[in-house]
Amino acid sequence: MTGRGANGRRGLRGHAGKTSALARLLHKECIELLEAYRNSESLPSSPVAGDYLVSIPPLVPQLSDAEKISILRAALKECLRLLEDVITREDADFSDEDSEYRRKRKTVRDRLGHLLASTEQLVDGHKFEAEVKEELDGQAAGGSFGLKKWIVRVLQELVHWTGQTSDTLHSLPAEMEKTPKTMSRRTRKGGAGKIRK
Amino acid sequence: MQGWVILALLLSLGVLRSRGQNGLSELAVPHSLTLQPDLPAQTLSLTWQSDSSLFDIEIFHTELMNVVLNETVAVTAGPVTGQRGWTWRSPSPLECTSHSVQIRARNQQSVSQWSPLQTIPGSDIPEKSESYMYPQDKVVPVGSNMTFCCIVKEKYNFKEIMYKGQTMSATRLSRRAYAITVTNQPASDNTGTNVVCCSPMFTLTGAVVFVGYPPGDEGLVCETRDLASAECSWKKGRDTHLRRKINRTNYTLNGRDCLEANEGKTWLCSSKVWEENWTLVARNPLGTVRLTDSAQLADRVHLLAPANVTAVEVEAWNATLNWSWPVAAYKKLEMICQLKLIGHELSSTRNYSGTGLSSVMLEDLWPDVDYTVTVRCGSKHAFWKWGDESAPYSIHTKMDRPDALDVWLWMDSSNTGRVFWKPLSERESHGALVGYKVSQSSAEEDMWTPVSLPPERLNYPIILNNSSDITVAVAAQNPAGLSQPSAVTTPAYRADSQLSVSELLGTHGTFELSWQPNANASRGYVVEWVPTGCRGLCPVNWEKVPESDRSFTVKPDSLEGGVRYTVSVYVLSAGAASLLQRWQGYSQEMIPAQSVVELSVNQTGSDVLLSWKASAMEHQRGFIRGYTIYLANAARLDLVANISDPEVRSYRVKGLPLSSYKFIVKAYTSAGEDMGLTVAIKMEIETAEMLFVGILVPLAAMFCCLILISICCYKKREWVKKAFYPEIPGPKVPGDWSSPPGPLDVKPSPHSLVHIVESPEWDFSKKGLVPVPEEEEEFENDNIEVDTDSDEPALLRYYNHVVGDGSHSNHVSDSSGSSTASVGSTQTEVTYTGIQSPSSSQGVCDGGGYRPQMQSAADPAEPQGEFEADFQDDSLNTGYKPQCSWQLDSPEAENLSGSLGSPTSVTSSQFLLPESSEEKPQSSNTWFHSFLSGKS
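In this report, we go over the structure that sits alongside the text. What you see is a predicted model, and the numbers here were worked out from it, not measured in a lab. (Residues numbered from 1 in each chain as written. Chains lettered and ligands numbered in written order. Predicted model: local features only at pLDDT ≥ 70, side-chain atom pairs only at ≥ 80, totals over all residues. Heavy atoms only, no water.)

### Quick word on the overall build of chain B
Put simply, the rule is: Helix and strand assignments come from DSSP, with helices taken as H or I runs of at least 4 residues and strands as E runs of at least 2, each series counted from the N terminus. For every residue, the accessible area obtained with a 1.4 Å probe (protein chains only) is divided by the maximum for its type, and the residue is called buried under 20%, exposed over 50%, and partly exposed between those limits. The protein chains shown are the only cover counted for residues, whose accessible areas, like all others here, come from Shrake-Rupley with a 1.4 Å probe.
Scanning chain B from terminus to terminus reveals 13 helices and 56 strands. For chain B, buried positions account for 39% of its 936 residues. Of the roughly 51100 Å² of accessible surface on chain B, 53% is carried by carbon and sulfur atoms.

Rendered as structure tokens:
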């Protein structure tokens, strides 16, 4: 990592730009996915009551960009797991007829996988893990509506964390140019830091 | 002490008596009341112990103590336990709020005390602080009514309950519980109908209800595809709208699950063995349907499609087709197979039967044709249905030699003709033609001379060098070879003029022919039709008719309306064809395309002879039935004659007055008359008559008149003399006119009518010339007495101002008002033709009426020095007064009458003739002149 030269940093910044664009696109698609689901289910636009499902350590200014990205990536990773779980349960419960919501859902799932793969090059070896405070199994008493409510919460979570990631990546190139050494130093000092499992 | 005890007993007895009188003392309170809720069923079962059989039951919503039930029921005791039980179905889910129940016994009007309240807790108790909605995931039929309730999370406020996105009217059940009731629910969408409970900020909770229909499947049919197993199918009924997998219709066939059908993908259920009776049960949460079928295996054979269809041998007219069966058991099955052949412009189905049929020969195919063949089979005995159809298989038959041509030889003269043949259809050519071979031989030479022609040629010219007949043979050729040659011998040429050609009338665009049979027609007849008069390459049509036929109808597709056809029937025998009968006719007559030609008109006295010729035959477009002659009269045509004989081509119109005429001659066919040809003639008198009438008669009449006038004048000559030449009395002269006259100084009357004659001597440049404006002329005329009886000009008109060289007068300033005629008239001579009364003219001169030269304003542009003195003299007389100067010079103006008629010089202002001339009597010439001029 320390051996990465100027070309490498330029390449990193270029990659960060692409990742930022990818995150922005994904964030937009997550909003559309949530909207499509609410429309298909005639659900109100008010948010479902409850805290965020995914919990991460606070993104304090002292954290390096790579650490911030690594933490957000951990949250997105949990979001992907939640989304895939939702897809499995939804397809198991209801007929898998084609619909706009289902097409968008697949698009978001695939693009979220791409974003995770793309951000992996930006975390500089840092590894954080996010915590999911609730699981669907605990909502089983809610019946079919419990699943739908859970889907809304997962989609809300996706909107939130993709938005956070997009904002963070958007401000990344300039900061990375200013503080390449900090990033390098933190990288050396960092290592796998598990916040919570 | 005992007294107190007795009193107490008495009191207690009194109380008991009073209770018994109220009916309370006799009925025992029900006891051991227990409640057993069935939450999914929303029912509450009550059990209690009591000796009574009639009970009052009250059920409350515990928290608000709202009575939801108050009912009297008769309940019998259970035979074993002696317990009494009763079940209540709650309109709302029992979880919505806590329910309390009390019961009392009743005997008519007597009731027991209420049992202690028994309560089942709802989900709105404080211990359950979350949000809840009931019922959850209920499956109900379309049109049902339901009550949903929402229990709001502690510390949250209730806002609304939405059903399918619509806010519903909610009622409060308790502190945290609210309920809505939905009636006549419609069918749900894919994932059910959502009922959502919201706080002002959040979506709190919700429920899903699945509204649908019970199964509607029908028509179970079982059949075998492999002669061993069974495959049952049915028709799916209406959509149940229950898409949630646990709510889908579940199918069992004879008690076994139908896995594929339960996936919702097919409506088939298989069984490895054939059972004669089948029962399909279709079940979903809303209902169950049972379908049955019963059949023997042999009656329900539905064969699979033949596989590997191939043609093993393909010829021009047949092909052998093989296929295989995917099921070995088919080989022993008596089956019937249907082959469907689809070729170019033809398709057919052919059935073949046999045991385990797997090969057939397709016969009656056509050469050089692409066929697509499909095969399907069925059980021959107890045929159930056709099996599946094989995949299409294509075969192409081989070519074969073409069929023989239909040949005819048409002679258009005695030694020229043309052999025609009809093109071969695809069915007849058996492969694409590459050309024709034409051979001809004469009886004398006995040698064939072949000629190859391209495939597009359909005729060949024939020339007879000598009078002997020749035979022509034509054969078509394709890659498979030559057809059988078709030979024809030249028939004898017969011109129409040599025959009695009958007129043939078309019927609905066709020719219907019939003829007498001919014994020589061993090979039948040929009907030939050609446009009449055609030479060279003509559209020759022919049709061969069997010898047994004696009639033929020429179809309209080979005939053209308005065209005359020559139709001939030939007898075909071993030698040359011989003409049997000939007609000419039109399949459909039309009005002539061109009218008569060479229309001429000739006058013969008062008659007119019209003559014309018929138009050419190709323009007639029908048999000319006659002619009509019209006389064009303004915008209409008057029929003059209708000549119904077409051979008559002239007509005489008799007794026409002298005038111009237009005649129109039209030819007509059975379809009508044409536009006609017009000819015009102007009727004139003939020369001798014209001489007599035009010249001699008027001359004679004039001569007679002259003679009569002469005779009359001679007879009345005395009267004529008096009337036209009377005696003229001598003049009566007063005074002495005998003394010799001195120089006579006569001045003209001041007011005489004068003619001003142009004088060439007048110098136009002199300033005395004053053009008089037209207006002033008129003004002047208004002030002059006019001799209205005279034809002569009554006024003396001044077009210039002639005073003499010494008299200068002012110009009229408005020179522009003078006409050019006035200017041009300055060089004039003046002749007096009449004299006005002096008295009247005097007044005019003295008066202020006419004074054209009175203007003193001289032209400022003109030099005035030369004229100044004269101008001043004139100005003393207040202007120019030319006639007044006469009066000054000649006071004896009243004697001027003797100078009347004398010419006067304008410049001298004196009469030019001596007075003696006045005394002479007027000559007759003068009188006659005056008479002729109309003066008295």
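We are not done yet, so read on.
### Brief notes about the packing of helix α3 (residues 100-119) of chain A against helix α4 (residues 143-170) of chain A
Residues and elements named next belong to chain A. Let me state the cut-off plainly: Lines fitted to C-alpha atoms define the axes here, with helix axes fitted over just the stretch in contact, and angles between the N-to-C directions of these axes take values from 0 to 180 degrees. For this classification, under 35 degrees means roughly parallel, over 145 means roughly antiparallel, 65 to 115 means roughly perpendicular, and everything else is oblique. Left-handed is the label given to a crossing in which the near helix is rotated counterclockwise from the far helix by less than a right angle, and right-handed is the label when the rotation is clockwise. Throughout, a residue-residue contact means that at least one pair of heavy atoms, one from each residue, lies within 4.5 Å.
Relative orientation of the contacting elements α3 and α4 amounts to 40°, with a least axis distance of 13 Å. Considered as vectors, α3 and α4 are oriented oblique to each other. Handedness of the crossing formed by α3 with α4: left-handed. Side by side, α3 and α4 meet where Tyr 101, Val 108, Leu 112, Leu 115 and Thr 119 of the first sit next to Ile 151, Leu 155, Leu 158, Thr 165 and Leu 169 of the second.

### Observations regarding the side chain of B:Ser486
Residues and elements named next belong to chain B. Here is the rule we go by: Under this definition, polar contacts are N or O atom pairs within 3.5 Å; protein pairs additionally need one hydrogen-donor-capable and one acceptor-capable atom, and for neighbouring residues in sequence, both atoms have to be side-chain atoms.
Its location among the elements puts Ser 486 in strand β39 (residues 486-489). Owing to a relative accessible area of 11%, Ser 486 belongs among the buried residues under this scheme. Engagement of the side chain of Ser 486 in a polar contact is seen with the backbone oxygen of Leu 405, the distance being 2.5 Å. Those residues in contact with Ser 486, other than ones at most four positions away along the chain, are Ala 404, Leu 405, Val 407, Val 472, Ala 473 and Val 474.

### Quick look at α3(A)
Threshold: Any helix carries an expected span of 1.5 Å times its number of residues minus one.
Helix length check: α3(A) (20 residues) gives 28 Å between terminal C-alpha atoms against 28 Å at 1.5 Å per residue, within 8%. Restricting attention to buried positions, one finds in α3(A) the residues A:Tyr101, A:Arg102, A:Arg105, A:Val108, A:Leu112, A:Leu115, A:Leu116, A:Ser118 and A:Thr119.

### Focus on the pattern of salt bridges
Once their charged atoms are close, side chains differing in charge can pair, the charge on each being opposite to the other. Formally: Think of a salt bridge as a Lys or Arg side-chain nitrogen and an Asp or Glu carboxyl oxygen that are within 4 Å of each other.
One pass over the full model with this rule turns up 39 salt bridges over all chains. Note that B:Arg225 is salt-bridged to B:Asp388, the shortest N-O span being 2.5 Å. Of this pair, B:Arg225 sits in the loop between β18 (218-223) and β19 (230-235) while B:Asp388 sits in the loop between β30 (370-379) and β31 (393-396), and the two are 163 residues apart along the sequence. The exposure class assigned to B:Arg225 is buried, which follows from its relative accessible area of 14%. Connected through salt bridges with shared partners, the residues A:Lys28, A:Glu32, A:Glu100 and A:Lys104 form a single ionic network.

### With respect to unusual backbone geometry
All names here are of chain B. Note the cis peptide between Tyr 134 and Pro 135, where omega equals -5°. Tracing the backbone shows Pro 135 in the loop between β9 (132-134) and β10 (138-141). Positioned with a positive phi, Lys 164 is a non-glycine residue whose angle comes to about 55°. Even without being a glycine, Asn 308 presents a positive backbone phi close to 55°. Residue classification places Asn 308 among the exposed positions, given a relative accessible area of 60%.

### Quick look at the interface of chain B and chain A
Worth spelling out the cut-off: The buried area of a pairing is the accessible area, by a 1.4 Å probe, that goes missing from both parts when the two are put together, added over both.
Between chain B and chain A, the contact holds 25 residues from the first and 20 residues from the second. Summed over both partners, the interface of chain B with chain A buries about 1900 Å², with 51% contributed by carbon and sulfur atoms. Connecting chain B to chain A are one salt bridge. Of the charged contacts in the structure, one is a salt bridge between B:Arg244 and A:Asp93, with a shortest N-O distance of 3.1 Å. Taken together, chain B and chain A are joined by 13 residue pairs in polar contact (both at pLDDT 80 or more). Elements supplying a minimum of two residues to the side of chain B that touches chain A: β16 (193-198) and β17 (203-212) of chain B.

### Side note on the sheet that holds strand β42 (residues 525-531) of chain B
Residue and element names in this part refer to chain B. We count it as follows: Strands pair, by our definition, only if DSSP identifies at least two bridges between them.
Ordered by their spatial adjacency, five strands build an open sheet running β40-β46-β45-β42-β43, and the pairing between neighbours is mixed. Each end of this open sheet is capped by a strand with a single partner; those strands are β40 (502-505) and β43 (541-545). Averaged over all adjacent pairs, the angle separating strand axes in this sheet is 25°, with direction ignored. Here β40 pairs with strand β46 (residues 578-586) via four bridges, running parallel. Note that in β46 the partner of Leu 504 across the bridge is Gly 585.

### Describing the pairing of strand β48 (residues 607-613) of chain B
Residues and elements named next belong to chain B. The pairing of strand β47 (residues 597-604) with β48 spans six bridges and is antiparallel. When the bridges of β48 are listed, Ser 600 appears paired with Ser 611. Connecting the antiparallel pair β47 and β48 is a turn made up of two residues, with Gly 605 showing a positive phi of about 60°.

That is the geometry; function is a separate question.
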